[in-house]
Amino acid sequence: VRSSAASDVYKRQGINAEYGKMMLKLTRRALTHHKPTYKLNMGEKPLVGVHSTAALGFNSQVDAYENARPSYPKTAADFMVKELGLKPGSKVLEIGAGTGKFTRVIASLGFDLTAVEPASEMRSKFSSLFPSIPIIEGSAEALPFDNETFDAIVIAQAFHWFANAASLKEFHRVTKPGGGLGMF
């Protein structure tokens, strides 16, 4: 993919050019420098269940991600909330929360919201933006919660990072009977 061709696609899709450039750079790195795990320079343990390129990019480019990644339309969130039957007080888990781009859209809806994010720098940024919403270190394949804790799980453009049977089993385990999964 040529950079200029990718830029044209991003413009047509309404994607911020800086975010597009960052994703193109990470994609190229993933295609040419795949490693099974990535040890972070900050002395941290590797991110469980997270591709090495994602671990590097998400921990080193937090501000670029926050400034360039577009938000989500409220109508999409409203549709998800309606389909999941959520109401104020519902216990909702957001997986792959990042810096809280989707959180911004649903935070004011009155849910008992908890977020999970494996990247420490993303969690740090999230905490600075949403100090009243707990964000927990974890991965979709090993959620640090008791069985049947949440009414629903929501995921905004992150499922491709953990689209596997282990994460689906965990979603089922931590969701209450009759609970739901909403993602886009």
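Up top is the structure these notes are about.
Residues numbered from 1 in each chain as written. Predicted model: local features only at pLDDT ≥ 70, side-chain atom pairs only at ≥ 80, totals over all residues. Heavy atoms only, no water.

Chemist: Lay out the nonpolar core with the relevant residues and their values.
Modeler: Leu86, Val92, Phe102, Ile106, Phe111, Phe126 and Val154 are the most contacted members of the largest nonpolar core, which totals 20 residues. Elements that contribute at least two residues to this core include exactly helix 5 (74-84), helix 6 (103-106), strand 2 (112-116) and strand 4 (150-155). Per-element tally for this core: the top contributor is helix 5, with three residues. Residues within four places of Leu86 in sequence aside, it is in contact with Val81, Val92, Phe111 and Ala152. (Core = buried A, V, L, I, M, F, W, Y, C linked by side-chain atoms within 4.5 Å. Buried < 20%, exposed > 50% of the residue type's maximum accessible area, 1.4 Å probe, protein only. Helix = DSSP H or I, 4+ residues; strand = E, 2+ residues; numbered from the N terminus. Contact = heavy atoms within 4.5 Å.)

Chemist: An account of unusual backbone geometry is needed here, citing residue identities and associated values.
Modeler: Even without being a glycine, Glu148 presents a positive backbone phi close to 55°. Mapped onto the fold, Glu148 is located in the loop between strand 3 (135-136) and strand 4. On the basis of relative accessible area, Glu148 is assigned to the partly exposed category, the value being 48%. For Gln157, which is not glycine, the phi dihedral falls at a positive 50°. With respect to the helices and strands, Gln157 occurs in the loop between strand 4 and helix 8 (165-174). By relative accessible area, Gln157 is classed as partly exposed at 44%.

Chemist: Mind laying out the pattern of salt bridges, listing which residues take part and the relevant values?
Modeler: For the coordinates displayed, the defined rule picks out five salt bridges. Across the salt bridge formed by Asp151 and Lys176, the nearest N and O atoms sit 3.4 Å from each other. Note that Asp151 is positioned in strand 4 and Lys176 in strand 5 (residues 175-183), a separation of 25 residues in sequence. You can call Asp151 partly exposed: its relative accessible area is 25%. (Salt bridge = Lys/Arg side-chain N within 4 Å of Asp/Glu carboxyl O.)

Chemist: An account of the sheet that holds strand 5 is needed here, citing residue identities and associated values.
Modeler: With parallel pairing, five strands are arranged side by side in an open sheet as 3-2-1-4-5. This sheet does not close on itself; its edge strands, each paired only once, are strand 3 and strand 5. Examined bridge by bridge, strand 1 (residues 91-95) and strand 2 share five bridges and lie parallel to one another. Note on strand 2: the bridge partner recorded for Leu93 is Thr114. Each of strand 1, strand 4 and strand 5 touches helix 8; the most contacted strand, strand 5, lies at about 135° to it. (Pairing = 2+ DSSP bridges. Axes fitted to C-alpha atoms, helices over the stretch in contact; angles between N-to-C directions.)

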